[in-house]
Each structure stands twice: as C-alpha cells, then as structure tokens.
Amino acid sequence: TRRTARLVRAAEQLAAGDLSARSELGGDDELGRLSRAFDAMALRVAETRIRLQQDIAERARVQQALETSAEEYRSMFNASIDGLALWNAEAEMVDANPALWRMYGYSEEERLASTPSRLAGPSYRPDVLRCIDSAKPVHAGITEARNDGSSREIEVHAIPMQYQGKPHVLTIARDVTDEKRSAEELARQREALYQREKLAALG
C-alpha cells in the first residue's frame, strides 16, 4: 500500500506541475515496472517542456529582431531625401515616404490623411510594369506635374526586389529640376562668353 501511495503521490505532483516528481520504486513486480514507466514518462515530459520553453524564447527573440529590423527600415525609408515608393506585382503603390509626397506638392496634413495609392502624380507606372516583367532595374528621366500644376524634372530608378516573400519594385525618384536649370544656365553663359570672345577676336 505504501508503494502504491508513493506512486499515486508522484503522479499527483506531476499533474500539479512539479516536473521533478518521480516515484523511484524498485522491484520487478507490476508496481516496479509501472514506476519505471511512469518515471520515464515524467522525464520525457520535463524534457519536452524545456524544449518548448527554448522554442518560445527563440521565437520571441526572432520576433523582436524582426520588429527591430522593421523599425530600422521604416526610419531609413522615411528619412531619405529622395522620393521612395514600394509597388506590388500589380504596379499598385503600397508605400511612399514623406519626401515623395513633398516632391509632388502635398502638405504633411494631406499625406497623413491619405494613402499611398491615392498619391496622384507619379506617371512612371509603365516603367514599374516594365521592371516587373523584365526583373531588371529601369532608369528613366521624366517631366512630372505637381499637385499645384507646376512641372518638375524627375529621375527615376526602378529596382525589382522581394518584400515579405513577394515580388515588389522599389522606385527612387530624385528631383533634378534645379540641377538641370543650373546646367542650362551654365551652358548659356558659356555660349555667351564664346560669342564675346569671337567678337573680340574679330575686333
């Protein structure tokens, strides 16, 4: 009876969550064999629980790493001075950084009140589709209309990439209007200087 009570007590302790509970009964009779089977089962339960705890800890670590990576991506995405946009395989804009909204003349309030898919302006969707079809980067120089009707010269790079396990395209838009105007003004000044030098030589 004492051996039976000892086995029952060990089973109750295990059921209550004490994974160190063991009956440790000796003997070759039925109670002895049952005790050894119970102790082996209790050991496997304890080992399984340890593995589960390790798996949970590892998943928590991976989840934390993913969240940190996402935060870093978002910080870099939003801090870029170039206009960045992420497009899905159907060439629908799924994300756009503040610089792109500003490039097309939207205020911060308008950006926060809308969604990337409602950002009117980018006309380079065909280039995005071409990039998706060829799976190769695409470069284009285009003239874009801003929200107020004015025009800007934009250079666009479209880069195919994988995002969340699916094909996407990242476009990098840079406003080169001022650079082009400066280059044109410099060319005019050089031409004027050349003409003056020719007149001086003739004189």
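Being a predicted model, the structure only gives us computed values, none of them experimental. (Residues numbered from 1 in each chain as written. Predicted model: local features only at pLDDT ≥ 70, side-chain atom pairs only at ≥ 80, totals over all residues. Heavy atoms only, no water.)

**Side note on the overall build of the protein chain**
Of regular secondary structure, the protein chain possesses six helices and five strands. Taken over the C-alpha trace, the protein chain has a radius of gyration of 35 Å; the compact-globule value for 203 residues is 17 Å, which it surpasses by more than 25%. For the protein chain, the residues scored as buried account for 28% of the 203 residues in total. Of the contacts made within the protein chain by residues no fewer than 6 positions apart, 37% connect residues no fewer than 24 positions apart. A total of about 13,700 Å² of accessible surface is found on the protein chain, and carbon and sulfur atoms cover 54% of it. (Helix = DSSP H or I, 4+ residues; strand = E, 2+ residues; numbered from the N terminus. Rg over C-alpha atoms; globule rule 2.2 N^0.38 Å. Buried < 20%, exposed > 50% of the residue type's maximum accessible area, 1.4 Å probe, protein only. Contact = heavy atoms within 4.5 Å. Areas by Shrake-Rupley, 256 points an atom, 1.4 Å probe, with all protein chains shown as cover.)

**Some points on the sheet that holds strand 5 (residues 166-175)**
Here five strands make up an open sheet; going across it, the order is 2-1-5-4-3 and the pairing antiparallel. The open sheet has two free edges, formed respectively by strand 2 (93-96) and strand 3 (138-145), since each of these has just one partner strand. Direction aside, the axes of adjacent strands within the sheet are offset by 30° on average. Alignment of strand 1 (residues 83-87) against strand 5, held across five bridges, turns out to be antiparallel. Counted as the bridge partner of Trp-87 is Val-169 from strand 5. Across the face of the sheet, helix 2 (residues 30-79) comes into contact with strand 1, strand 2, strand 4 (151-163) and strand 5 while running at roughly 80° to strand 2. In the packing of helix 6 (residues 177-202) onto the sheet, the strands contacted are strand 4 and strand 5, and the crossing angle to strand 4 comes to about 135°. (Pairing = 2+ DSSP bridges. Axes fitted to C-alpha atoms, helices over the stretch in contact; angles between N-to-C directions.)

**Details of the packing of helix 1 (residues 2-15) against helix 2**
In contact at an axis separation of 11 Å, helix 1 and helix 2 are set at 15° when each is read in the N-to-C sense. In terms of orientation, helix 1 and helix 2 fall into the roughly parallel class. For the pair helix 1 and helix 2, the crossing hand works out as left-handed. When helix 1 is examined against helix 2, the residues Arg-3, Thr-4, Leu-7, Ala-10, Ala-11 and Leu-14 are found in contact with a partner set consisting of Leu-31, Gly-32, Leu-34, Ser-35, Phe-38, Met-41 and Ala-42. Taken together, the residues of the contact of helix 1 with helix 2 sort by class into nine nonpolar, three polar and one charged. (Parallel < 35°, antiparallel > 145°, perpendicular 65-115°, else oblique. Left-handed = near helix turned anticlockwise from the far one by under 90°. Nonpolar A, V, L, I, M, F, W, Y, C, P; charged D, E, K, R; others polar.)

**Brief notes about the confidence of the model for the protein chain**
On average, residues of the protein chain score 86 in pLDDT, and 100% of them reach the 70 mark or higher. Confidence, read as mean pLDDT per element, is least for helix 5 (residues 125-134) in the protein chain (83) and greatest for helix 3 (residues 98-103) (93). (pLDDT = per-residue confidence, 0-100.)

**Quick notes on the pattern of salt bridges**
Within this structure, the stated rule accounts for eleven salt bridges. In this structure, Glu-153 and Lys-180 form a salt bridge, with 3.6 Å as the shortest nitrogen-oxygen distance. With Glu-153 in strand 4 and Lys-180 in helix 6, the pair connects residues that are 27 residues apart, well separated along the chain. Looking at Glu-153, the relative accessible area reads 22%, which means it is partly exposed. Assessed through its relative accessible area of 38%, Lys-180 is described here as partly exposed. It is possible to trace a salt-bridge network through shared partners that takes in Arg-152, Asp-175 and Asp-178. (Salt bridge = Lys/Arg side-chain N within 4 Å of Asp/Glu carboxyl O.)

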